Amino acid sequence: MPYAGLSLEGMTALVTGSGRGIGSALAVGLAQAGANVAVSDVSEGMAGAEDTAARIRQERVDSAAYVLDVLNLENIRHAVDSVVQKFGRLDILVNNAGIRRRQPALEVTEANWDAVIDTNLKGPFFCAQAAAKPMIERGFGRIINISSQLAVVAGENRAAYCASKAGLANLTRVLALEWLKYGITVNAIGPGPTETPGLLFADTRTDEELAADLRAHMPLGRRMTADELVGAAIYLASPSAGATTGQLLVVDGGWTII
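Scope of this entry: the structure provided in the associated data block.

Quick look at empty space enclosed by the protein now. The final tally for this structure, using the stated rule, is one cavity of 30 Å³ or more. Estimated volume of the largest cavity: approximately 40 Å³. For the lining of the largest cavity, the elements supplying multiple residues, two or more each, are α4 (110–138) and α5 (159–179). The element best represented in the lining of the largest cavity is α4, accounting for three residues.

Let's shift gears to the packing of α4 against α5. Here α4 crosses α5 at 15°, and the two axes come no closer than 8 Å. On the basis of their axis angle, the class for α4 and α5 is roughly parallel. In terms of crossing hand, the pair formed by α4 and α5 is right-handed. Of α5, the residues touching α4 (which contributes Trp 113, Val 116, Ile 117, Asn 120, Leu 121, Pro 124, Phe 125, Ala 128, Gln 129 and Ala 132) are Ala 159, Ala 160, Tyr 161, Ala 163, Ser 164, Lys 165, Gly 167, Leu 168, Leu 171, Leu 175 and Trp 179. Here the contact of α4 with α5 is composed, by residue class, of 16 nonpolar, four polar and one charged.

What follows is about unusual backbone geometry. Unlike most non-glycine residues, Arg 60 shows phi in positive territory, near 65°. When you line up the elements, Arg 60 lands in the loop between α2 (46–57) and β3 (63–67). In this structure Arg 60 comes out as exposed when scored by relative accessible area, which is 80%. With phi around 65°, Asn 157 is a residue other than glycine that occupies positive phi space. Among the structural elements, Asn 157 can be located in the loop between β5 (141–146) and α5.

About the criteria used
Residues numbered from 1 in each chain as written. Predicted model: local features only at pLDDT ≥ 70, side-chain atom pairs only at ≥ 80, totals over all residues. Heavy atoms only, no water. 1 Å grid on protein atoms, 1.4 Å probe; cavity = no way out; pocket = protein on both sides within 12 Å on 5 of 7 lines; lining within 4 Å. Points joined across faces, edges and corners; volume = space filled by probe spheres on them. Helix = DSSP H or I, 4+ residues; strand = E, 2+ residues; numbered from the N terminus. Axes fitted to C-alpha atoms, helices over the stretch in contact; angles between N-to-C directions. Parallel < 35°, antiparallel > 145°, perpendicular 65-115°, else oblique. Left-handed = near helix turned anticlockwise from the far one by under 90°. Contact = heavy atoms within 4.5 Å. Nonpolar A, V, L, I, M, F, W, Y, C, P; charged D, E, K, R; others polar. Buried < 20%, exposed > 50% of the residue type's maximum accessible area, 1.4 Å probe, protein only.

This is the structure we're talking about:
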């Protein structure tokens, strides 16, 4: 018999940036644990979002896809309201949407800095703020922010990205402190290098440079897969995590232990 403490049956989750990559894997994983899942992405990612929603419905739970641009506060509020209207509740928010820009610090422009900080830090805050309101009405909520192992260690040529993910980790602690009295836990997952379309697009290193980087930093010896993050998300969303809040759960193939 499955352990009931990790069951998400009857819950509704919203996952941002879930048309592909880590977000898609987490959305499907939460569905496999029993949750109905609202998939969301920016307008140009909606084909992937609809595909994710179709995969979720194969798990015999409900799903729908929504346009959600974390840079548009009105859109955030409208998407959250639409999810609550359709599903009758919102129990779980996974703040997954994010971008990375690999640049030497001396070459970072204001536009690139703002794009990374706004997407990776400002957006998750306002998504959490919008989601917290229906959660407070029910006296229960689980918010999971997808941070990075680079929230706790430095990465060369990633000044804006590291700053955004470290900020998100500490924002997690602040929201956890403020909202526990409402029955809401707020935690973060810190993935290590994970094989996703976004990472492959942003990584301009040669195969030799990548191999050298993994040898130096990654005891696992390879990039992770998105599916290797699903268990952490299910736990943090589950009834078992009722006393776990304000934590950064690093799942990084050993990157931060050496």
